[in-house]
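# Structure at a glance
In case you want the letters, here they are:
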Amino acid sequence: MSISININTYFINMRTTGFSMTPFIKSGARIILDKSSKQTYRIGDIVAYVDYKGKIVVHRIIRLILTSSGHTQYLFKGDYNSESDRYVDKQHLLWKVQKIVYPSYEIDLVTPLSSYIAQIIAYCGKITLAHHWFYTVERIIVFCLTLIIISCARWRPFCNTK
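Let us look at the structure shown here. (Residues numbered from 1 in each chain as written. Predicted model: local features only at pLDDT ≥ 70, side-chain atom pairs only at ≥ 80, totals over all residues. Heavy atoms only, no water.)

## Focus on the packing of aromatic side chains
Threshold: Under the pairing criterion, centres of Phe, Tyr and Trp rings, with the six-membered ring standing for Trp, must be within 6.5 Å; the plane angle then separates stacked pairs below 30 degrees from edge-to-face pairs above 60, leaving the rest tilted. Only DSSP runs of H or I with at least four residues qualify as helices, and only runs of E with at least two residues qualify as strands; both kinds are numbered from the N terminus onward. Summary of the burial criterion: residues with accessible area below 20% of their type's maximum are buried, those above 50% are exposed, and those between are partly exposed, where the area comes from a 1.4 Å probe applied to protein chains only. In this scheme, the term charge over a ring applies when either NZ of a lysine or CZ of an arginine sits within 6 Å of the ring centre and within 35 degrees of the ring normal.
All told, the structure shown has four aromatic pairs when counted by the stated rule. Measuring from centroid to centroid gives 6.0 Å for Tyr 41 and Tyr 74, while their planes differ by 75 degrees, and the two rings are edge-to-face. One end of the pair, Tyr 41, is in the loop between β3 (30–34) and β4 (46–50); the other, Tyr 74, is in strand β6 (residues 72–77), and 33 residues separate them in sequence. When sorted by exposure, Tyr 41 lands in the same class as Tyr 74, which is buried. Sitting over the ring of Phe 24, Arg 60 keeps its end group 5.0 Å from the ring centre.

## Some details on the side chain of Glu 138
To be explicit about the condition: Pairs of residues are marked as contacts when any of their non-hydrogen atoms sit within 4.5 Å.
Structurally, Glu 138 is set in helix α2 (residues 135–154). The exposure class of Glu 138 is buried, given its relative accessible area of 1%. Dropping the residues within four chain positions of it, Glu 138 is found in contact with Lys 77, Asp 79, Asn 81, Ile 121, Cys 124, Gly 125 and Thr 128.

## Things to note about the layout of surface pockets
Selection rule: Think of a 1 Å grid over just the protein atoms. A cavity is a set of points where a 1.4 Å probe fits yet cannot get out, a pocket is an open set with protein on both sides within 12 Å along at least five of seven lines, and lining residues have an atom within 4 Å of a point. Grid points are joined across faces, edges and corners, and a volume is the space filled by probe spheres set on the points. Residues were grouped as follows: Ala, Val, Leu, Ile, Met, Phe, Trp, Tyr, Cys and Pro as nonpolar; Asp, Glu, Lys and Arg as charged; and all remaining residues, including Gly, as polar.
Of the pockets and cavities examined, the largest pocket occupies roughly 310 Å³. Broken down by secondary-structure element, the contributors of at least two residues to the lining of the largest pocket are β4, β5 (56–66) and β7 (87–89). No other element matches the three residues that β7 contributes to the lining of the largest pocket. Surrounding the second largest pocket, 15 residues form its lining, Asp 45, Lys 96, Leu 109, Val 110 and Ser 115 being those nearest its centre. Among the secondary structure elements, those contributing two or more residues to the lining of the second largest pocket are β8 (93–101) and α1 (112–130). When the residues that make up the lining of the second largest pocket are grouped by side-chain class, the tally is six nonpolar, five polar and four charged.

## Overview of the nonpolar core
Selection rule: In plain words, nonpolar cores are sets of buried Ala, Val, Leu, Ile, Met, Phe, Trp, Tyr and Cys residues tied together by side-chain atoms within 4.5 Å.
Among the nonpolar cores identified, the biggest contains 25 residues, and Ile 100 and Ile 107 are the most heavily contacted of them. Counting residues per element, this core draws most heavily on α2, at five residues. Beyond its immediate chain neighbours, meaning those up to four positions away, Ile 100 contacts Phe 24, Ile 25, Ala 29, Arg 30, Ile 31, Tyr 105, Glu 106, Ile 107 and Leu 109. Listed in part, the nine residues of the second largest apolar core include Val 47, Tyr 49, Val 57 and Ile 61.

## Some remarks on the pairing of β8
Put simply, the rule is: At least two DSSP bridges between two strands are needed for those strands to be called paired.
Taking burial as the measure, the nine residues of β8 include seven buried ones, the bulk of the element. Pairing between β3 and β8: five bridges, direction antiparallel. By the bridge assignment for β8, Asp 34 is matched with Lys 96. Pairing of β4 with β8, which is carried by three bridges, proceeds in the antiparallel orientation. In the strand pairing of β8, Val 47 is matched with Lys 96. Across three bridges, the pairing between β8 and strand β9 (residues 106–108) is antiparallel. Looking at the pairing, Val 101 lines up with Glu 106 of β9.

So, to be careful, I would describe these as geometric facts and stop short of saying anything about function.
Shown next, in the form of structure tokens:
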């Protein structure tokens, strides 16, 4: 997923291209990223990072490992991809996605419901890496969970997500 950038003091506003995070982040969506330097990253977070080719990628963290030297490395995967990206050092992580903006609704990723669903999607991604037959099941689960998030985003009075 590539991006175009508009930067202000605290947040970055990007427009996405590509389909690796479909259906959670569709091509053309605007994403709002937190520029905080004190960012903590967890499994399930969607993060912009610089890949080994120097390109900015926006994918979900599905695994963390602590190296023998005490550094944390992150394994990323696009929700629509069947394979993961390479492990990424923390120094290459840029910003955490806080919000996904579409013309008729927004998905706030800092709510408890969004955080819980992100954890489930990340877990499904880990299963797919170990068992490729699970890929189709993962697609169905991610699609259904995305519908729940979108429903709550569109009809916030009916979903207590804050």
